[in-house]
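Listed here are the chains, written in short residue letters.
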Amino acid sequence: MQRISEEILSKCRALLEDGTADRVMGWENGEFYYDVTPAVFTKDNLDNMIYDDFCASNQSKYFILESKKEGKIVALLKPCDTYSFNQLLKENRINRDNVYVLGIPCDGKIDVQKAALLGIKGITGVKSVGDEVVFETIYGEKSCAKKDVLFEKCMSCKGKKHMIYDALSNEEQEPETAIANEDFGNRFAYIENLEHMTPDERFDFWRGELSRCIRCNACRNVCPACSCLTCVFDNPKSGVDSKANTDDFEENLFHIIRAFHVAGRCTDCGECTRVCPQNIPLHLLNRKFIKDINELYGEYQAGADIELGMPLTSYTKQDAEPSIVYERGGNK
Amino acid sequence: MQKIGVFVCWCGSNIAGTVDVERVAQAVANEPGVVISTDYQYMCSEAGQLKIRQAIKEYGLTGIVVCSCSPRMHEATFRKTAQAAGLNPYMVEIANIREQCSWIHKDKDEGTEKAIILAKAAIAKLHLNTPLKAGESAVTKRALVIGGGIAGIQTALDIADAGYEVDIVEKSPTIGGKMAQLDKTFPTLDCAACILTPKMVDASAHEKINLFTYSEVEGVSGFVGNFKVKIRKKARHVKADLCTGCGVCTEKCPSRKAPNEFNQGLNKRGAIYIPFAQAIPNVPVIDTEYCVKMKTGKCGLCATVCPSKAIDFEQQDEIVEREYGAIVAATGYKLINLDNFEEFGYAQNKDVITSLELERLMNAAGPTKGTLLRPSDNEHPHEIVFIQCVGSRDVSGCGKPYCSKICCMYTAKHAMMIRDKYPDTKVHVFYIDVRTPGKNFDEFYRRAVEEYGVDYIKGMVGKVVEKDGKLLVQGSDLIANEQIKIEADLVVLATAIEPDPSVKNLATMLTASIDTNNFLTEAHAKLRPVESPTAGVFLSGVCQGPKDVPETVAQASAAAAKVIGLLAKDKLTCNPCVANSNELLCNGCSQCANVCPYGAIEYINKEVNDHGKREVRRIALVNEAVCQGCGACTVTCPSGAMDLKGFTTRQIMAEVDAICK
C-alpha cells in the first residue's frame, strides 16, 4: 500500500531539487506499521518518507533546533500543527528564514490503542474511506467508523485550515476560514463536569489520574510549549530538580506546575495526552486554563496568529481583577 | 554560614502589648546562624540603633533581622544603621510583627506565635541574602504638570520660580480650570477672576513655563528622574503663531448651536470660540462637531474674515515627546452626574440648578451678565432653596460616601451674596451638618445666618416637584420635628464633586494608584500627603481629595516643594533590588519584555558559553536603571531565567518553607 500521497512526495522532491530546501522533516516507518517515527530526509532517502493516518505527532517543536542548523528544512505541518508553529514563532523560538512550511492535509489520526480495543490487531495497512476506516491486518481486512478510533486530540479538531504556510500540498482542499467543527466547540464539556464536582471529588479525581504517573517526562518532552532550554525540573538552581519527593502529592504537582507554565501558550494540540503511556488525560488541565482564559479575557486561540498579544502577558483595562477568584467561587 | 543578629522591638506597647517580645527573642535564639537575639523598647531610637551597631561589631554579624513595624516605615532606618556599622544595607531583613501581628491579633499567644514564624522566615531569607550595591541615574531637570487649573498653575509657578523648566498639559483650550468659572471666593469674597487671571498671565509669561493647552498626555514611560511622555496636541484648526486673538472669527461664526461649557451649558457659543475673555492662550478653537465647514464643506466664513489667515481646516493632531524628571497630577474634579437623584427633578426643571450653574448666573461675565435670573423665564427668583449634600456623604450607593468639603462654604457664600444683593429674596438651606472648619470659615457661615438672615433648616429634602410655575420643595425639619413644604422659584443643588474621569487612565499610565472613589492615593496619608506611592509622581489639588481653593493652593505649593527637592539632585540612587536574567537559561521568548511595565527589558543576540558549547543566542537584558524591581518578569519567565535581586525565588521559597515548617 502506498503510504504517502504523490502530491506531497513530488512537492518535497521538487523543493529539494530546485535548491529551495536542503532537508525535509517527516515520518518514516517504525518497527510496526502503526509505529511511525519522526525523521529528517534528504534527496537521497526521501523515498523512505511516509504520511498516512498514523502520522499523528506534532512536529513543530523540532524546528527550534532544526532551524538553527545550516540550510533550509521543509516542515510538513498538519493544520493543527501550524498553531504550535505560530506560537513558537511568536516566542522567537524558530528561525523562520530556515523553514519552508508545506501545509499538508489531515482527516484525523488513528489511535492504535482504540483500534485494539475494537479487536483490530496485527495491522499491516490502513485506508480511510469516507467516515469509515479500513485496516489491512494479518487476520484479514477489518473496518470500523473512523470516529471510534480517532485520537482524543482529533475529537476536538480545530479545522482544516493552515494558519501559516509557504505552500500547500493540496490548495483546492484548503478552506477559507478556520471553521472549527462542532466537536471543537464541545471540547469543554468534560471540563464542565469537573467544575461541577465538589472540591473533594475533583481532588480525588486528579489524585486518581495522576497516581498513575511514572514521571517518564514524555508529556513535557513532546509539548511544543514546554521548550525551555533548561526545564525548571532539570535546573539545579530551581530548588525542585531531582528533589526526592516527600510524598506522591508532590509528584503530582509536576503536572500542575507544567500546566501553569504553558497557560496562555498551550494551543490545545493534545500531544500530552496522546503520548502518555499511562493514559492520563493531561489535556484536561490545559483545557481548564484555556476555558478560564476564554471566559476572563475573551476567546483566545494560542497560535492562531503571530502578531497579537497573549492574554496573560498583555495588560488591558478590562482585565479581570484578582477578586474574580472570590466572585467565581471555588467550583469554577 | 551567616552570623545573624535578631533584634525584637517592643514599639512601646504597640507590639509588646499583644506579642510576647521576650519569647520571640528566645524562640529564634537557636535558629541556625543566629548568634545574638535580643529585644528592646524602641529599636528605631538612637539607643536602639546603638544596640544594633554594637552587636554588629561585637559579634561580627554578617546580617541582621529586625522584628518591628512595616518595612515601609523603618527599613530605610535600619539599613542606614547597618551601613553605619560597616554592614551592607541589603543584609537587613525586617519581620513585620506590628502591622501583621500585634495590630491585627487580640490573643497574645496567637500574636506571639505568628511573630516567631515571621522572624524565622526572615532568618531563612537572610541566609540567602547577598550584599547589593545601588547604582545611580541622572535627573532630567524638567517637570510636567498635568492639569492647568489653579492647582496646576500654582505648582508650575513655584517650580518655575525655583529655576526649573515646567510644562503644563491642559486638555481644554485654556488654562484656568474650575476656578475661572467661579464668581466670588470664600471666605473673603474676592472675585475669582481677579485673583486667578493674574496667575494665569504669570504662568503664560514665565520664561520657564511652557503651556500645552488643548493637549492630553497619551503615554508615559520611564521612571523617577527620567520619564518620557507622549503629549497629543489636539488640532485647534487655528494656527496659534499667526492668530492675534482679535476674535472676529468667533463673532462671525454662523453656528450658534454648541452648548457653552464655560457657562455650564446655560447658553450657546459659536463653533469657533474662545472659552472666555481672559482665556490663555487667547487663541480660538474650532469645535469640529458643530463647525458647518467641517461637516458639510460649505461656509469657511471664519477663514474669510480672519485678517491674519490663521484658520487651518486641515490641521492635524500633533504628538510631542518630552522628557521629565518629575510629574505632577493636578487633574481636578467635575460635578457628579445627577441621574441617580431624580427626586430633585434636575433633568425635568430648568430652575433646579447646580451650584456651579449658580456661579455662572451670578457672574458678571455669565449668561445673565451677573443679574440673578432664573433660567426658565428670566424672572427674578424671590424664594430660593439650597439643598446641601446632594450625592455627598451618601452611603446608599446613589452618590459618593465622602464629604465634598467645599459645599457648606460655597452655599453659605451664595446665600449671603443673594441676601446682600436682593434683600427681598428669601433663602432657605437644607443641611445635614454644617461643616466649616478653617480659618475664618465658621465666622463666615455665622454671618450668613446671623447678619443676613439665611434660613438654615436641619434636614433633607425628599422631593422637588413643579407646581403652578413654582417648585414645591418637600423636606423635613429635624429640629422642629415636622414636615415642611416651600414653594420656591429656584432650587440650587450643592452637588457632590468627583475626580475628573481622565484620572483613571492617567493613573494607569503613571502606575499611580487610585482609591475606590478614583482619588489618587498619597504615599502616606499623614507623612507624605503630596507624593504618590510611585516615585517621581506628585499630587496637587482635588485629584487627591476634595479641597477648597486655599487648601488646593497650599497643597500645590507643597507638591512643588517636593518636585524642586527632586530636581535639585544631580543623581538619584537606584534601587539595587532589580531583575536580572540568567543568560544560560533564557529562551529568548520575550514574555518578560511583554509584561514589563517600565520597558526595562531589551533583547540582544549574544554569544554564550553553555558548558563549553559556544553559540549566539537571543537573550533578555535588563536595564538596571529603568527596572523598578516589581518582579512581574520573574513570575512570567517560563524557564526561571529571570530573578529579582534581594527577592530571589530561592529566598521567597526559603521564607515559605520556614513558615510552613
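Now for a description of the structure that goes with this document. (Residues numbered from 1 in each chain as written. Chains lettered and ligands numbered in written order. Predicted model: local features only at pLDDT ≥ 70, side-chain atom pairs only at ≥ 80, totals over all residues. Heavy atoms only, no water.)

## Considerations on the state of the cysteines
Residues and elements named next belong to chain B. For the structure on display, the rule yields 1 disulfide over all chains. At a sulfur-sulfur separation of 2.4 Å, the disulfide partner of Cys191 is Cys194. Taking the torsion about the sulfur-sulfur bond, which here is approximately 95°, the covalent link between Cys191 and Cys194 counts as right-handed. The closest cysteine sulfur to the non-disulfide-bonded Cys389 is located on Cys408, 6.1 Å from its own sulfur. The buried category is assigned to Cys389, whose relative accessible area is 14%. Here Cys589 is not disulfide-linked; the sulfur of Cys637 is the nearest cysteine sulfur, at 6.4 Å. (Disulfide = S-S within 2.5 Å. Buried < 20%, exposed > 50% of the residue type's maximum accessible area, 1.4 Å probe, protein only.)

## Considerations on helix H3 (residues 79-90) of chain A
Residues and elements named next belong to chain A. If you check H3, its first and last C-alpha atoms are 17 Å apart, about what 12 residues at 1.5 Å a residue would give, namely 16 Å. Across the 12 residues that make up H3, a large majority, 11, are buried. Among the residues making up H3, those that are buried are Pro79, Asp81, Thr82, Tyr83, Ser84, Phe85, Asn86, Gln87, Leu88, Leu89 and Lys90. (Helix = DSSP H or I, 4+ residues; strand = E, 2+ residues; numbered from the N terminus. Expected span 1.5 Å × (residues − 1).)

## Brief notes about the nonpolar core
Residue and element names in this part refer to chain B. In terms of nonpolar packing, the biggest core is built from 95 residues, with Leu358, Leu372, Ile418, Ile601 and Met642 touching the most fellow members. Examining the composition of this core, we find that 8 residues originate from one element, helix H13 (residues 407-421), more than from any other. When sequence neighbours within four positions are dropped, the list of residues in contact with Ile418 reads Leu358, Met362, Leu372, Ile384, Phe386, Pro423, Thr425 and Val427. Membership of the second largest hydrophobic core comes to 41 residues, among which are Ile15, Ala25, Val65 and Leu87. (Core = buried A, V, L, I, M, F, W, Y, C linked by side-chain atoms within 4.5 Å. Contact = heavy atoms within 4.5 Å.)

## Regarding the sheet that holds strand S3 (residues 63-68) of chain B
Residue and element names in this part refer to chain B. Read from one edge to the other, the open sheet built from 4 strands follows the order S2-S1-S3-S4, with strand pairing classed as parallel. Every interior strand has two partners, whereas the edge strands, strand S2 (34-40) and strand S4 (92-96), have only one. For this sheet, the mean inter-axis angle between neighbouring strands, taken without regard to orientation, is 15°. With 5 bridges connecting them, S3 and S4 associate as parallel partners. Within S4, the position partnered with Ser68 by the bridge is Asn96. This element, helix H3 (residues 46-59), spans strand S1 (4-9), S2 and S3 of the sheet and lies at about 165° to S2. (Pairing = 2+ DSSP bridges. Axes fitted to C-alpha atoms, helices over the stretch in contact; angles between N-to-C directions.)

## Topic: the interface of chain A and chain B
The interface is formed by 18 residues belonging to chain A together with 20 residues belonging to chain B. Here chain A and chain B share an interface that buries about 1500 Å² over both sides, 53% of which is from carbon and sulfur atoms. Considering only the side of chain A, the residues that lose the most area to chain B are Asn92(A), Leu229(A) and Thr313(A), jointly responsible for 33% of the buried surface there. Where chain A meets chain B, there are 0 salt bridges. Between the two partners, chain A and chain B, sit 4 residue pairs in polar contact (both at pLDDT 80 or more). (Buried area = accessible area lost by both parts, 1.4 Å probe. Salt bridge = Lys/Arg side-chain N within 4 Å of Asp/Glu carboxyl O. Polar contact = N/O pair within 3.5 Å; in protein donor to acceptor, adjacent residues only side chain to side chain.)

## Observations concerning the pattern of salt bridges
Residue and element names in this part refer to chain B. With the rule as written, the count across this model stands at 61 salt bridges over all chains. A salt bridge links Lys125 to Glu93, with the shortest nitrogen-to-oxygen separation between them at 3.3 Å. Placement of Lys125 in helix H6 (residues 108-126) and of Glu93 in strand S4 is noted, with a sequence separation of 32 residues between them. Between Lys645 and Glu624 there is a salt bridge, with the nearest N and O atoms lying 2.9 Å from each other.

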